[in-house]
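Given next are the chains, with one letter for each unit.
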Amino acid sequence: DAGVIQSPRHEVTEMGQEVTLRCKPISGHNSLFWYRQTMMRGLELLIYFNNNVPIDDSGMPEDRFSAKMPNASFSTLKIQPSEPRDSAVYFCASTLKRPGTGGAGSNQPQHFGDGTRLSIL
Amino acid sequence: AQSVTQLGSHVSVSEGALVLLRCNYSSSVPPYLFWYVQYPNQGLQLLLKYTTGATLVKGINGFEAEFKKSETSFHLTKPSAHMSDAAEYFCAVSEVAGGFKTIFGAGTRLFVKA
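All values derive from a computational prediction rather than experimental measurement. Along each chain, residues carry numbers from 1 onward, in the same order as the chain's sequence is written. Here the convention is simple: chains get letters from A, ligands get numbers from 1, in the order in which they are written. In keeping with the predicted nature of the model, local features appear solely for residues at pLDDT of at least 70, side-chain atom pairs appear and are counted solely at 80 or more, and the whole-chain, interface and lining totals rest on all residues. The basis for every side-chain value is the complete set of non-hydrogen atoms in the structure, without hydrogens or water.

**A closer look at the overall build of chain B**
Okay, step 1: Strands here are runs of E lasting at least two residues and helices are runs of H or I lasting at least four, both read from the DSSP assignment and numbered beginning at the N terminus. The number of helices and strands found in chain B is 0 helices and 11 strands.
Okay, step 2: Across chain B, helices and strands are ordered from the amino to the carboxyl terminus as β-β-β-β-β-β-β-β-β-β-β.
Okay, step 3: The C-alpha radius of gyration of chain B comes to 14 Å, within 12% of the 13 Å expected for a compact globule of 114 residues.
Okay, step 4: Burial status follows relative accessibility: with a 1.4 Å probe on protein chains alone, a residue under 20% of its type maximum counts as buried, one over 50% as exposed, and anything between as partly exposed. Each of the 114 residues in chain B was classed as buried or not, and the buried ones make up 45%.
Okay, step 5: For chain B, the share of sequence-separated contacts (at least 6 apart) that also reach a separation of at least 24 residues comes to 57%. Only the C-alpha atoms count toward the radius of gyration. The rule for a globule is 2.2 Å times the residue count to the power 0.38. For this analysis, residues touch if any pair of their heavy atoms sits within 4.5 Å.

Now the structure itself:
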């Protein structure tokens, strides 16, 4: 079965440019997460979606960051304009949150993509 | 609020020795607990999880973890380390009444010496 697919795997661009990261979750999963990983700050949750609706974007660092999920099989994370401090590995993860479990935390594991390594020069 | 503390950012063991990676959590309600492993240039992969039931949980690659409520711990162990176990390991907690977030620990990098 195909896992979570992220593209591109690597992105190098100059500061000020717009960057778009893409994610295709596992088919049938209804929740999607965007994380950022750096040596200094570890793994940070940026935003998560449930049934294509953003539930919590409190981890999004600035207005320069935006995320969308137009349908159940695709999500984007956009940075505009990009800055050198945005350099990191960005991960997308998905999971299945079973109906009827309310707004509670999930007992299902998250499935991660292999990440996008972003370098802003 | 839930939180996760992993004791030791780096752990080094010899091949064949016991692996013990420590994780303590803070949660106001019974948590769901997870261990993930991350190999270089890859995303996190689930090793094992505890939700309810038996407190000793077995995962992939010979790893296991025991949920100890009285100690608020979920330490990861493996009787005999293999070179291929060298990776970064993350403990995570998801609270039943904690919205939808899973909180990850800072990670422990495991080194295995020949």
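**Observations regarding the pattern of salt bridges**
Okay, step 1: Salt-bridge detection follows one rule: a side-chain nitrogen of Lys or Arg within 4 Å of a carboxyl oxygen of Asp or Glu. Evaluation of the coordinates by the stated rule reveals 11 salt bridges over all chains.
Okay, step 2: Between A:Asp86 and A:Arg64 there is a salt bridge, with the nearest N and O atoms lying 2.7 Å from each other. Residue A:Asp86 is located in the loop between strand 8 (74-79) and strand 9 (88-95), and its partner A:Arg64 is located in the loop between strand 6 (53-56) and strand 7 (65-71); the two are separated by 22 residues in the primary sequence. You'll find A:Asp86 and A:Arg64 in the same group, each marked buried.
Okay, step 3: For the salt bridge of B:Asp85 with B:Lys78, the shortest nitrogen-to-oxygen distance reads 2.9 Å.
Okay, step 4: For B:Asp85, a relative accessible area of 2% corresponds to the buried category.
Okay, step 5: Classification of B:Lys78 by relative accessible area gives buried; the value is 11%.

**With respect to the packing of aromatic side chains**
Okay, step 1: Centres within 6.5 Å make a pair out of two Phe, Tyr or Trp rings, where for Trp the six-membered ring is used; the pair is then stacked when the planes are under 30 degrees apart, edge-to-face when over 60, and tilted otherwise. On inspection of all chains with the given rule, the structure shows 12 aromatic pairs over all chains.
Okay, step 2: Seen from their ring centres, A:Phe112 and B:Tyr36 are 5.9 Å apart, and the 75 degrees between their planes marks the pair as edge-to-face. With A:Phe112 in strand 10 (residues 111-112) and B:Tyr36 in strand 4 (residues 31-38), this pair bridges two chains. Accessibility classification places A:Phe112 together with B:Tyr36 in one group, the buried group.
Okay, step 3: By the ring-pair criterion, three or more aromatic residues cluster together here, those being A:Phe33, A:Tyr35, A:Tyr48, A:Phe91, A:Phe112, B:Phe34, B:Tyr36 and B:Phe104.

**So, the sheet that holds strand 1 (residues 5-7) of chain A**
Residues and elements named next belong to chain A.
Okay, step 1: Strand pairing is assigned whenever DSSP detects at least two bridges linking the two strands. Read across the sheet, 4 strands follow the order 1-3-8-7 without closing on themselves; strand pairing throughout is antiparallel. On the outer flanks of this sheet lie strand 1 and strand 7, each paired with one strand and no other. The mean inter-strand angle of the sheet, taken between neighbouring strand axes irrespective of direction, is 15 degrees.
Okay, step 2: For strand 3 (residues 19-24) and strand 8, the ladder comprises 5 bridges, and the chain directions are antiparallel. Paired with Val-19 across the strands is Ile-79, a residue of strand 8. To define axes, lines are fitted to C-alpha atoms, for helices over the stretch in contact only, and angles between the resulting N-to-C directions are given on a 0 to 180 degree scale.

**Description of the environment of B:Gly43**
Okay, step 1: For B:Gly43, the location among the structural elements is in the loop between strand 4 and strand 5 (44-50).
Okay, step 2: Judged by its relative accessible area of 3%, B:Gly43 is buried.
Okay, step 3: Discounting residues that sit within four places of it in the chain, B:Gly43 has contacts with A:Phe91, A:Phe112, A:Gly113, A:Asp114, B:Val37 and B:Gln38.

**A word on the side chain of A:Asp86**
Residue and element names in this part refer to chain A.
Okay, step 1: Judged by relative accessible area, Asp-86 falls into the buried class, the value being 2%.
Okay, step 2: A distance of 2.7 Å separates a polar atom in the side chain of Asp-86 from a polar atom in the side chain of Arg-64.
Okay, step 3: Contacts of Asp-86, omitting those with residues within four sequence positions, involve Arg-36, Arg-64, Phe-65, Ile-79, Pro-81, Leu-118 and Ile-120. Polar contacts, as counted here, are pairs of nitrogen or oxygen atoms within 3.5 Å of one another; within protein the pair requires one atom able to donate a hydrogen and one able to accept it, and residues that are adjacent in sequence qualify only if both atoms are side-chain atoms.

**Describing the environment of A:Thr20**
Residues and elements named next belong to chain A.
Okay, step 1: Counting through the fold element by element, Thr-20 comes out in strand 3.
Okay, step 2: Residues Thr-20 and Ala-67, 47 residues apart in the sequence, show an inter-C-alpha distance of 9.4 Å.
Okay, step 3: Once residues within four sequence positions are removed from consideration, Thr-20 is found in contact with Pro-8, Thr-76, Leu-77 and Lys-78.

**What about the state of the cysteines?**
Okay, step 1: Two cysteine sulfurs form a disulfide in these notes if their separation is within 2.5 Å. Applying the stated criterion across every chain, the model contains 2 disulfides over all chains.
Okay, step 2: Each sulfur of the disulfide joining A:Cys23 and A:Cys92 lies 1.9 Å from the other. Every disulfide takes its handedness from the sign of the S-S torsion; for A:Cys23 and A:Cys92 that torsion is -65 degrees, giving left-handed. Of this pair, A:Cys23 sits in strand 3 while A:Cys92 sits in strand 9; the two residues are 69 residues apart in sequence, bridging distant segments of the chain.
Okay, step 3: Residue A:Cys23 is classed as buried on the basis of its relative accessible area, which comes to 1%.
Okay, step 4: Residue A:Cys92 is classed as buried on the basis of its relative accessible area of 0%.
Okay, step 5: Across the disulfide from B:Cys23 sits B:Cys91; the S-S distance is 1.9 Å.

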